[in-house]
Amino acid sequence: MDPRIPRLRRKLAAIPFQPLRSHSFGEEQHKFCLGPKLAEAPVAAFEAEHDIVLPDAYRQFLTHIGGSGAAPFYGLKPLDRCSLLVMNPRGEPGTSRGFDSTGPEAHERDLFLHIIEMGCTDVCLIAVTGPLTGRVLTGNSDGYWGPNVSSATDFLDWYERWLNHMSAGRDNRALELTSPRLRAHPNRHRMAPRI
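The structure displayed is predicted, hence computed values, not measured ones.

### With respect to the side chain of Ser150
- Structurally, the position occupied by Ser150 is in the loop between β7 (148-149) and α5 (155-167).
- With sequence-adjacent residues up to four places away left out, Ser150 is seen in contact with Arg135, Val136, Trp158 and Arg161.

This is the structure we're talking about:
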């Protein structure tokens, strides 16, 4: 088991009781509760069905912390509701790229697993093949913005960054966190820093 896992459990358990923590968009949906941990068998079955190997940090989260629930945005989707996507081909330089469902030629392209619900056509993904394997990305499936690749090295680092920023009462646009200071300000929409 990854040594970060007990630390993440402690941090998550403390978040709802911290009076000066940031507000996490969508927290009303998951209420900082996790679904049951997944046994190895359903995880292995999902991998076999989709002919993929889940990134180790994400797999460890599912099997040692929780299989759904508390996470940025509307929360971590149950594994059986996650879908594989491919990034749309590159367009004009500097333009955003969207994501499509996988087709027959899917394994010839880099694959991304839609793991967190953001709402509308926005997606939070983890790369399962290619040079970004294990990294978390956010974007829009229609290509209106992004994709943005997190600087966190893996899913556990990304999740801990969310917990740390929330605990510190920080704003973080990429994680949709709003600090208590910013929420109280009448011009809060103008004050949020760009990341």
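### Concerning the pattern of salt bridges
- With the rule as written, the count across this model stands at nine salt bridges.
- Between Asp2 and Arg4 there is a salt bridge, with its nearest N and O atoms 2.9 Å apart.
- Since its relative accessible area comes to 14%, Asp2 is described here as buried.
- Close ionic contact of Arg4 with Asp154 constitutes a salt bridge, the shortest N to O distance being 2.9 Å. Residue Arg4 is located in helix α1 (residues 4-14), and its partner Asp154 is located in the loop between β7 and α5; the two are separated by 150 residues in the primary sequence.

### Notes on the confidence of the model for the protein
- Mean pLDDT over the protein stands at 89; residues scoring 70 or higher make up 90%.
- Ranking the helices and strands of the protein by mean pLDDT puts helix α4 (residues 56-64) first, with 98, and helix α7 (residues 188-191) last, with 49.

### As for the sheet that holds strand β2 (residues 83-87)
- Reading across from one edge, β3-β2-β4-β5-β6-β7 is the order of the six strands in this open sheet, with antiparallel pairing throughout. Either end of the sheet is taken by a strand with one partner, and the two such strands are β3 (99-101) and β7.
- Where strand β4 (residues 111-117) lies against strand β5 (residues 122-127), five bridges are found, and the strand directions are antiparallel. Residue pairing across strands places Phe112 opposite Ala127, the latter belonging to β5.

Cut-offs used in this document
Position labels on residues start from 1 in each chain and follow its written sequence. Only residues with pLDDT of at least 70 are given local features in this predicted model, and only at 80 or more are side-chain atom pairs given and counted; all residues enter the totals for whole chains, interfaces and linings. With hydrogens and water excluded, all non-hydrogen atoms of the structure serve as input to the side-chain values. Helix numbering and strand numbering both begin at the N terminus, where a helix is a DSSP run of H or I of at least 4 residues and a strand a DSSP run of E of at least 2. Only heavy atoms enter the contact rule, under which two residues are in contact if any of them lie within 4.5 Å. Throughout this description, the term salt bridge denotes a Lys or Arg side-chain nitrogen within 4 Å of a carboxyl oxygen of Asp or Glu. Classification of residues uses two cut-offs on accessible area relative to the type maximum, computed with a 1.4 Å probe and protein chains only: under 20% is buried, over 50% is exposed, and between them is partly exposed. Confidence of the predictor in every single residue is expressed as pLDDT, which spans 0 to 100. Two strands are said to pair when DSSP picks up at least two bridges between them.

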